[in-house]
Amino acid sequence: MTQNSPLRPQPRFPEPDTEPFWEATKNRELKYQTCNSCSEVIFYPRAHCPSCGSLETSWNTSKGDGAVYTYSVILQSRHPAFKDLGPYALAYVDLDEGFRIMSNIVNVADPVNDISCGMRVKLNWHDQGEGEIALPMFEPA
Amino acid sequence: MSQRREAAIVGIHEYPLRVAPGVSSLQIKAASAAKALSDAGLNWQDVDAVYDTGTHQNIGGLGISEYLGLKPDLIDTTSVGGSSYEFQANHAATMIASGKANVALLTYGSTAHSDRRAIGTGGATGQGSPTPFNNMEDPWGMTLISNYGMVKARHMHQYGTTDEQFANISVATRYHAMRNPEAVKAMTDLEFVGVNEITTQDVMDSRLIAWPLHLLECCMVSDGGGAVVIASKEVAANCTKKPVWIIGGGEATKYRENGGDITVSAGAQSGPRAFADAGVTPDEIDILMAYDSFSITVMCMIEDLGFCSKGEGGDYVSSGILKFDQSGGPALNTDGGGLSSNHPGERGIFLLLESARQLRGESTAQVNDAKLAVAVGNGGQLGSRHSTSATILAAD
Ligand SMILES: [Zn+2]
């Protein structure tokens, strides 16, 4: 997978719910929220707690360690940014702090066989250009 | 408890073509509405309630009513993906039972094939206003098929379900499709390689689109549409065809959740609700019209509606009972399903149409003396935000 793929869809703004998350990626920080009222972990980012409706939430920084919850290996994509990549892995990763993020699993030779549900992974940042956001991806721990 | 007899499907039409160049989705809706009303023995202006997602050609519930030339007392544009039509049928039955409407018209039309929409493999469009969903999903190159692939992968991991077991779903639907001339024409017009019955080996040998989903586990992208007329028992008494009663319904949604079990669909809520509402149990069901966007979707519907225990769907589908001429379980998708007959993007209406054909005795893979059917739609994307709605139907 290329480090810089200009055609890869980028998050678009203004979009006030996830903008703080993406802004933090410029410092290679993986942010998630917790609810000040019910303590639930909130992800994807929102201005309210989807468990209790509280508008009081706090931002925290993840260590970036987790496990693959599940994955799929895409062999056919018609999107210009992905169609020539060869097989690439889409996954849900469960971070140790208790949130589940969609991402890619990278740095595996054979994604079908080298990835498994439950496999431990760690963060692998993919910069999207000078001063731009970075994409949090994961690789085998 | 005696079965409800308050609202019935009295008219149906499935647009016959799956490749329909030069025709608009609105025209498909209008043509299907006319034929469904004719099937019922009702007139255009008998319609007093319009059900349509309003999403095609972006004209909403007002626009579709104007286009059709109707002045309905009631409009419902519930739009939750492919299961919208089960949601709408349930709503229509409830409103008719409460006396708010007498004749409800449900319409659907799409030109997904002719528009060359790469629904399964296109990925993010980058169009429209930014949303949290898009911003947290688009950068990873997710395709719709890989979203379902993640569910299948987890099912295999969690329960030991095998590719071969999943393949039985595709085998059964193709078995039925080969008996349906419109499905055969669909597969021919869409240039399927091998318009014939298939084996589990054929499914496993077909190319991987998004591991672990193979080509023959993925629905077609067709043009098409249809219409359903639902009427009160008073109206139904004077209709041409025998009524197919809506006796229960259930609706639910589910989302990607921290720590959630992706193998359990919203059907685990809506299925039991529908059966309780209808006062029947899964083992009484003759016909299971389960939304087959992909093999995994059917697997989840079978388990979550309670046809077998969670995680045991692999053994269940492998016993051969899903074929219309086998006993021991419900016949699955007897029209050929989205896998082999019709999937223009939102298949939900066809689940109602084939259920009605079976309960009238008009199917091309007719189950003898079919009395009870469940149409269970799944909309959105199974691995993230989705809706599952079940409609339970009965013949007298
Ligand atoms: Zn809370």
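These notes cover the structure that comes with them.

Regarding the sheet that holds strand β3 (residues 57-61) of chain A
Backbone-to-backbone hydrogen bonds pair the strands of a sheet. The strands run either parallel or antiparallel. Residues and elements named next belong to chain A. If you trace the 3 strands from one edge of the open sheet to the other, you get β2-β1-β3, paired in antiparallel fashion. Of all the strands in the sheet, the pair left with one neighbour each is β2 (41-42) and β3. Strand direction decides the pairing type here: strand β1 (residues 31-35) and β3, joined by 5 bridges, are antiparallel. Considered in β3, the bridge of tyrosine 32 is made with asparagine 60.

Examining the interface of chain A and chain B
Counting residues at the interface gives 44 residues for chain A, matched by 44 residues for chain B. Counting the surface lost from both chain A and chain B, the interface buries some 3,700 Å², and carbon and sulfur atoms represent 59% of this. Connecting chain A to chain B are 0 salt bridges. Run the count over chain A and chain B and you get 27 residue pairs in polar contact (both at pLDDT 80 or more). Those elements that provide at least two residues to the side of chain A that touches chain B are α1 (19-25), β2, β4 (65-74), β5 (88-95), β6 (100-105) and β8 (134-140) of chain A. Broken down by element, the side of chain A that touches chain B gets its largest block of residues, 6 residues, from β4(A). Partitioned by chemical class, the residues of the side of chain A that touches chain B number 28 nonpolar, 9 polar and 7 charged. Bridge count for β4(A) against strand β5 (residues 208-211) of chain B is 2 bridges, and the pairing is antiparallel. If you follow A:Val73 over to β5(B), its bridge partner there is B:Trp211.

So, helix α3 (residues 84-97) of chain B
For an α-helix the count is 3.6 residues per turn, leaving residues at separations of three or four pointing the same way. Residues and elements named next belong to chain B. Look at α3: 20 Å from first C-alpha to last across 14 residues, which is about the 20 Å you get at 1.5 Å a residue. With 11 of 14 residues buried, α3 is to be regarded as a mostly interior element. Following α3 by one or two positions, glycine 99 has its phi on the positive side, about 85°.

Reading the values: rules and limits
Residues numbered from 1 in each chain as written. Chains lettered and ligands numbered in written order. Predicted model: local features only at pLDDT ≥ 70, side-chain atom pairs only at ≥ 80, totals over all residues. Heavy atoms only, no water. Pairing = 2+ DSSP bridges. Helix = DSSP H or I, 4+ residues; strand = E, 2+ residues; numbered from the N terminus. Contact = heavy atoms within 4.5 Å. Buried area = accessible area lost by both parts, 1.4 Å probe. Salt bridge = Lys/Arg side-chain N within 4 Å of Asp/Glu carboxyl O. Polar contact = N/O pair within 3.5 Å; in protein donor to acceptor, adjacent residues only side chain to side chain. Nonpolar A, V, L, I, M, F, W, Y, C, P; charged D, E, K, R; others polar. Expected span 1.5 Å × (residues − 1). Buried < 20%, exposed > 50% of the residue type's maximum accessible area, 1.4 Å probe, protein only.

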